[in-house]
Amino acid sequence: MRPMNACERAVWEDAEGCFYFNSLLSMYRIRTFQKERSMLEAYRLGADLDGVVCRVIVEPRKKTRHFPYNIVTYYSEISGIVNVAKELEITAPWRRHPEKIRRIEELKRMLATPKKRVKRKMIEAELKLRDLQYG
């Protein structure tokens, strides 16, 4: 299995990913979902090679009255503001999805507010994202 490079991860995040940024709960995540684990392992290996901490999580879904299937879903997760900022900085040149770009711009504004500049990791993330330009 060949690790994904930054370009491939950006495309994967745009297509199969979910950005979750919540400053009130201090939760910053990038998740990508897939039914097959091998693609997510390639994603994780590529992120690890670029110095971004990433993990693959297994989520079994049990059969219920409203969902008559037993399935297993996998997702990769990059969490923590510094790791998220590093991944966004690395993958920025290949980002195309308008909604993902809008969410990144919201994150940049969120980190630029004075109250967020208290923690060192917030300052580090803001500096990584400050100069990202899209379009």
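Student: Give a description of the sheet that holds strand β3 (residues 55–61) that names residues and reports values.
Tutor: Pairing is antiparallel across the open sheet formed by four strands, whose spatial order is β1-β2-β4-β3. Unpaired on one side and paired on the other, β1 (17–22) and β3 mark the two borders of the sheet. Going from strand to strand, the sheet's axes swing by 25 degrees on average, the running direction of each strand aside. Taken together, the seven bridges between β3 and strand β4 (residues 71–79) define a ladder with antiparallel strand orientation. Following the sheet pairing, Val58 is matched in β4 by Tyr74. Relative to the sheet, helix α4 (residues 98–112) contacts β1 and β2 (27–34), its axis offset from that of β1 by approximately 20 degrees.

Student: Now, about the environment of Tyr28: what can you tell me, with residues and values included?
Tutor: Examined against the element boundaries, Tyr28 turns out to sit in strand β2. Tyr28 sits 53 residues away from Ile81 along the chain, and the two C-alpha atoms are 5.5 Å apart. Once you skip the residues sitting within four places of it in the chain, Tyr28 turns out to touch Tyr20, Phe21, Asn22, Ser23, Ile78, Ser79, Gly80, Ile81, Val84, Leu107, Met110 and Met122.

Thresholds, definitions, all that
- Residues numbered from 1 in each chain as written.
- Predicted model: local features only at pLDDT ≥ 70, side-chain atom pairs only at ≥ 80, totals over all residues.
- Heavy atoms only, no water.
- Pairing = 2+ DSSP bridges.
- Helix = DSSP H or I, 4+ residues; strand = E, 2+ residues; numbered from the N terminus.
- Axes fitted to C-alpha atoms, helices over the stretch in contact; angles between N-to-C directions.
- Contact = heavy atoms within 4.5 Å.

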